[in-house]
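Okay, here's what each chain looks like letter by letter:
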Amino acid sequence: MLRAADQGLMTASRAGRSVIVVGIQWGDEGKGKIVDLLTERVGAVVRFQGGHNAGHTLIIGGEKTVLHLIPSGILRPDVACVIGNGVVLHLPSLLQEIDRLESRGVQVTGRLRISAACPLILPTHIELDRARESAGGARAIGTTGRGIGPAYEDKAARRSLRISDLFDPARLAERLAAAAALHNFVLEHYHKVAPVDAGAMLEELQRLGERVKPLAADTALFLDEQRRAGANLLFEGAQGAMLDVDHGTYPYVTSSNTTAGFAATGSGLGIGAFDYVLGIVKAYSTRVGAGPFPTELFDDTGRHLAEVGVEFGSTTGRPRRCGWFDAVAARRAVLHNGVTGLCVTKLDVLDGLDRLKICVGYRLRGQVVDSTPVFVDQYADCEPVYEELPGWHASTVGITALEALPANARRYLERIEEVLGVPVDMISTGADRAQNIIVRHPFD
Ligand code: GDP
Ligand code: IMO
Ligand code: MG
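**Q** Teacher, can you tell me more about the sheet that holds strand β1 (residues 18–23) here?
**A** Pairing between sheet strands relies on hydrogen bonds along the backbone, with the strands arranged either parallel or antiparallel. Ordered in space as β7-β6-β5-β2-β8-β1-β9-β13-β17-β18, the ten strands form an open sheet in which the pairing is mixed. Two strands lie at the open edges of the sheet, namely β7 (216–217) and β18 (436–438), each paired on one side alone. In terms of strand pairing, strand β2 (residues 44–47) meets strand β8 (residues 233–236) through four bridges, oriented parallel. Bridging across to β8, V45 finds its partner in L234.

**Q** It is not clear to me how the side chain of S267 should be interpreted in this structure. Could you clarify?
**A** Along the chain, S267 falls in the loop between α9 (262–265) and β9 (276–282). Accessibility expressed as a relative area gives 1% for S267, which makes it buried. Among the polar contacts listed, one links the side chain of S267 to the backbone oxygen of A263, at a separation of 2.6 Å. Once you skip the residues sitting within four places of it in the chain, S267 turns out to touch V46, F48, N85, A220, L223, F235, F262 and F274.

**Q** Sorry, what's going on with the site of ligand 2 here?
**A** Around ligand 2, 20 residues are found, and the nearest of them are D28, K31, H56, T144 and T254. Between N53 and ligand 2, the recorded distance is 2.9 Å, taken from a side-chain N or O atom to an oxygen atom. Measuring from an oxygen atom of ligand 2, one finds a backbone N or O atom of G142 at 3.3 Å. Considering ligand 2 on its own, with 550 Å² of exposed area, one finds that the protein chains cover 98% of that surface. In the shell around ligand 2, the residues fall into seven nonpolar, ten polar and three charged.

**Q** Would you mind going over the domain arrangement of the protein with me for this structure?
**A** It is common to report an interface's size as the accessible area lost on association of the parts. Split into domains, the protein comes out as domain 1 (15–117 + 216–273), domain 2 (123–212) and domain 3 (281–438). Taken over C-alpha atoms, the centre of domain 2 sits 37 Å from the centre of domain 3. Contact with domain 2, which involves six residues of that partner, is made by five residues of domain 3. Interface area, domain 2 with domain 3, both sides summed: about 360 Å², of which 44% is carbon and sulfur.

**Q** Would you explain the packing of aromatic side chains in this entry?
**A** Two aromatic rings are characterised by how far apart their centres lie and by the angle between their planes. Under the counting rule described, the total for this entry stands at four aromatic pairs. Directly above the aromatic system of F222 lies the positively charged group of R113, at a separation of 3.9 Å from the ring centroid. Between K213 and the ring centre of F167, over which it is positioned, the NZ or CZ distance is 5.6 Å.

Here is what the cut-offs are and how they apply
Residues numbered from 1 in each chain as written. Chains lettered and ligands numbered in written order. Predicted model: local features only at pLDDT ≥ 70, side-chain atom pairs only at ≥ 80, totals over all residues. Heavy atoms only, no water. Pairing = 2+ DSSP bridges. Helix = DSSP H or I, 4+ residues; strand = E, 2+ residues; numbered from the N terminus. Buried < 20%, exposed > 50% of the residue type's maximum accessible area, 1.4 Å probe, protein only. Polar contact = N/O pair within 3.5 Å; in protein donor to acceptor, adjacent residues only side chain to side chain. Contact = heavy atoms within 4.5 Å. Near = heavy atom within 4 Å. Areas by Shrake-Rupley, 256 points an atom, 1.4 Å probe, with all protein chains shown as cover. Nonpolar A, V, L, I, M, F, W, Y, C, P; charged D, E, K, R; others polar. Domains from an automatic or database assignment. Buried area = accessible area lost by both parts, 1.4 Å probe. Phe/Tyr/Trp six-rings, centres within 6.5 Å; stacked < 30°, edge-to-face > 60°. Lys NZ or Arg CZ within 6 Å of the ring centre and 35° of its normal.

Okay, here's the thing in structure tokens:
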């Protein structure tokens with residue numbers, strides 16, 4: 001032990017602080033905005049799961065940026081950005097995002113590192129995703145059509161092409177030929193749709209690969225070095241806990257683990273490297289795509305949330321389903337993520353509503369339960385049991401001090417704290433970077 005310390009191998013006392021930001025609903029909680037805000041205090045920001053199904057919106061001084069793959073720290077010039085091994089990568093989308101940012105004067109190359117172990121999303125993955133969805137009828141998941149599911153299946157099946165394969169032309173050609181043969185067989189003979197030209201796929205991978213190769217890195221080693229040197233790290237989750245492939249509303253989920261534990265696996269750091277989990281939660285609920293959503297509203301309040309909250313998907317532009325805050329689902333998400341503190345976003349969207357409802361239980365087959373069903377297929381039969389709170393009429397837009405919030409807004413936040421059993425450490429009162437109340441900073 002002492003010898004290791006002498007040799008400089010034990011530097012934990014100087015290590016920086018690592019914070020994981022995760023959505024604890026069905027995605028689109030406002031993670032991007034909060035990650036951008038918090039990266040003011042970090043050396044590096046890391047995406048660790050998902051792919052370009054994510055859409056993270058940043059608004060800075062009125063200027064909007066939507067990011068799909070590149071971490072939401074890219075607009076801060078001194079922050080290193082990392083795409084960890086847990087992400088599935090679509091090269092054309094990545095390069096398009098890089099080009100779009102660089103054309104606006106944002107330096108990306110030189111600051112972005114991509115794990116050499118990232119599996120690639122191929123054109124056939126996208127075709128398979130779309131073919132399945134169109135064959136799915138009423139049972140379709142409502143995916144983003146980005147090939148996420150088929151790409152993660154290939155990873156588990158040990159069939160993926162990875163970034164590292166771009167460095168070995170013979171291996172790339174061989175592995176692509178094998179994957180393409182299987183994918184095209186399924187496309188043609190099972191889904192009865194056109195196959196994808198394997199030669200064109202290889203040519204595209206070789207061409208785009210040349211641009212991506214310089215970004216490939218041993219990102220786990222880089223993050224470990226940063227941490228040991230005292231840099232703070234931020235891990236940016238995509239999607240939300242209720243879309244987690246293990247813990248979400250299966251099968252209406254995405255194909256990755258979206259919960260905080262995967263920040264370790266998807267970046268290569270050990271679980272001991274993390275200090276704080278920030279659970280991002282909207283002051284109400286939204287969901288894009290199919291699947292159970294007990295508090296969904298189809299009335300004027302639902303329309304208020306959709307219109308005032310501008311609830312349209314950042315990736316696909318689809319209208320988001322809207323409903324009251326579901327504390328039962330959120331409590332489960334707090335458990336799965338080990339949430340340290342909450343950030344409640346879009347509080348301002350509730351301005352002007354007379355009465356607010358929080359779902360504190362579900363009625364399932366005549367019984368009231370206060371946790372989500374063990375058998376997720378029972379989820380669709382759950383009816384919400386609500387608690388009512390008074391609303392407020394003053395505007396909360398842009399408020400930056402807790403004391404300046406209307407009393408009923410504070411009461412609403414306190415009730416969320418009580419029912420979830422975790423403190424509200426941050427509140428977002430508008431889409432802009434500057435519109436926040438910070439009660440306790442995750443990096444303090
Ligand atoms: P993400 O996927 O979790 O990063 O969230 P999205 O960016 O997909 O969706 C959140 C939307 O809400 C974006 O349009 C944000 O600009 C916006 N937004 C974030 N925080 C607030 C807030 O506190 N108030 C309002 N009105 N809009 C917000
Ligand atoms: P961010 O990071 C909201 C949803 C899709 C669909 C399901 C599976 O912006 O919060 P997929 O394409 O992943 O196979 O689709 O997951 N979904 C999201 N919903 N926000 C997201 O990301 C999402 N990414 C995927 O709508 O229901
Ligand atoms: Mg989003």
